[in-house]
Amino acid sequence: MAIIVVLGALVATLAINIRRATAARHRTRAAYMDACRALLDQPRTGRSPTGFARLAGSYQGHEVDIQAMPDTLTFRKLPALWVLVTLPGPLPVGATLDLMVRSTGIEPFSRFQTLHNQLGLPEGFPETCAIRTDNPALMPSEDLVRRHLHIFDDPRVKELVISPDGLRIVFLAEEAQRSRYLIYRDAEMGRTPLPAQQVIPKLDALLALRADILDAAADKIEKIPA
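Summarised in this report is the structure supplied together with it. Computed from a prediction, not measured in an experiment: that's the story for all the values here.

A short note on the nonpolar core
So, point 1. With 44 residues, the main nonpolar core has Tyr32, Leu99 and Leu194 as its most contacted residues.
So, point 2. For this core, the element with the most residues is helix H4 (residues 196–222), which contributes seven residues.
So, point 3. Setting aside anything within four residues of it in sequence, one finds Leu99 in contact with Phe125, Cys129, Ala130, Ile131, Val145, Leu149, Phe152, Lys158, Glu159 and Leu160.
So, point 4. Counting residues in each nonpolar core, the second largest holds nine residues, with Ala80, Met100, Phe109 and Phe112 among its members.

As structure tokens, this is what we get:
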């Protein structure tokens, strides 16, 4: 009888600890974008299916979207937390161009693998970069893209997407703590809010890229004979 009582107490304690850990995880994930709210005018916070906050608002007069996506279905590497910084809105480009470094083929945040035209790597592009598009004849020019390769100077940047619907940079915000993951399989990430300093350079880079795309389109129109 005493053994049953002890086992019952252990089960109850375990259940309480699990509930507390779950509640704490929900709180930290919901607060993950809190430090970035001040970057935006009229910030709006939603919630993704994973529980992480999703932040939208206006940055220097342009609508932006910032979301976090955990990647725990990984092989031969640590679970990762990716941040997608998006500048949505129509652009005068005819096709999607996706640059991905160190692609594994299983990136859950990207539709890179659905773009069936893989391009050769031009000289001077990052050696680990792969390039795909849905229409080689209509994608942005190599010269335009080359002017913005400095985005990949940040080793945490994983992907740059240029599409008719907007622009996106994906970067690594965090990896699971190696020892805790290997010993306890603890893949929890995002315990502290995303620093605004990590997001500002990505937003500025997207705005510069957008301006360059619009300028290039305007120059092309001006060169068309009347």
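Back to the write-up after that little detour.
Considerations on the pairing of strand E3 (residues 62–71)
So, point 1. Counting buried positions along E3 yields seven of 10 residues, so the element is predominantly enclosed.
So, point 2. Bridging between strand E2 (residues 53–59) and E3 involves six bridges; their strand directions are antiparallel. When the bridges of E3 are listed, Leu55 appears paired with Ile66.
So, point 3. Here E2 hands over to E3 after two residues, with Gln60 in that stretch at a positive phi of 50°.
So, point 4. Taken together, the seven bridges between E3 and strand E4 (residues 80–88) define a ladder with antiparallel strand orientation. Within the sheet, the bridge partner assigned to Met69 lies in E4 and is Trp82.

Brief notes about the sheet that holds strand E5 (residues 97–101)
So, point 1. Taken together, nine strands build an open sheet; the order of strands is E1-E2-E3-E4-E9-E8-E5-E7-E6 and the sheet is antiparallel. The open sheet has two edge strands, strand E1 (41–47) and strand E6 (117–119), and neither has a second partner. Averaged over all adjacent pairs, the angle separating strand axes in this sheet is 20°, with direction ignored.

Things to note about the packing of aromatic side chains
So, point 1. Summed over the entire model, instances satisfying the criterion amount to two aromatic pairs.
So, point 2. On the basis of an interplanar angle of 80° and a centroid distance of 5.4 Å, the ring pair of Tyr32 and Phe52 is categorised as edge-to-face. Placement of Tyr32 in the loop between helix H1 (2–30) and E1 and of Phe52 in the loop between E1 and E2 is noted, with a sequence separation of 20 residues between them.
So, point 3. For Phe52, a relative accessible area of 1% puts it in the buried group.

Overview of the side chain of Thr133
So, point 1. Tracing the chain through its elements places Thr133 in strand E7 (residues 129–133).
So, point 2. By relative accessible area, which is 0% here, Thr133 ends up buried.
So, point 3. A distance of 2.6 Å separates a polar side-chain atom of Thr133 from the backbone oxygen of Thr96.

Procedures and definitions
Residues numbered from 1 in each chain as written. Predicted model: local features only at pLDDT ≥ 70, side-chain atom pairs only at ≥ 80, totals over all residues. Heavy atoms only, no water. Core = buried A, V, L, I, M, F, W, Y, C linked by side-chain atoms within 4.5 Å. Buried < 20%, exposed > 50% of the residue type's maximum accessible area, 1.4 Å probe, protein only. Helix = DSSP H or I, 4+ residues; strand = E, 2+ residues; numbered from the N terminus. Contact = heavy atoms within 4.5 Å. Pairing = 2+ DSSP bridges. Axes fitted to C-alpha atoms, helices over the stretch in contact; angles between N-to-C directions. Phe/Tyr/Trp six-rings, centres within 6.5 Å; stacked < 30°, edge-to-face > 60°. Polar contact = N/O pair within 3.5 Å; in protein donor to acceptor, adjacent residues only side chain to side chain.

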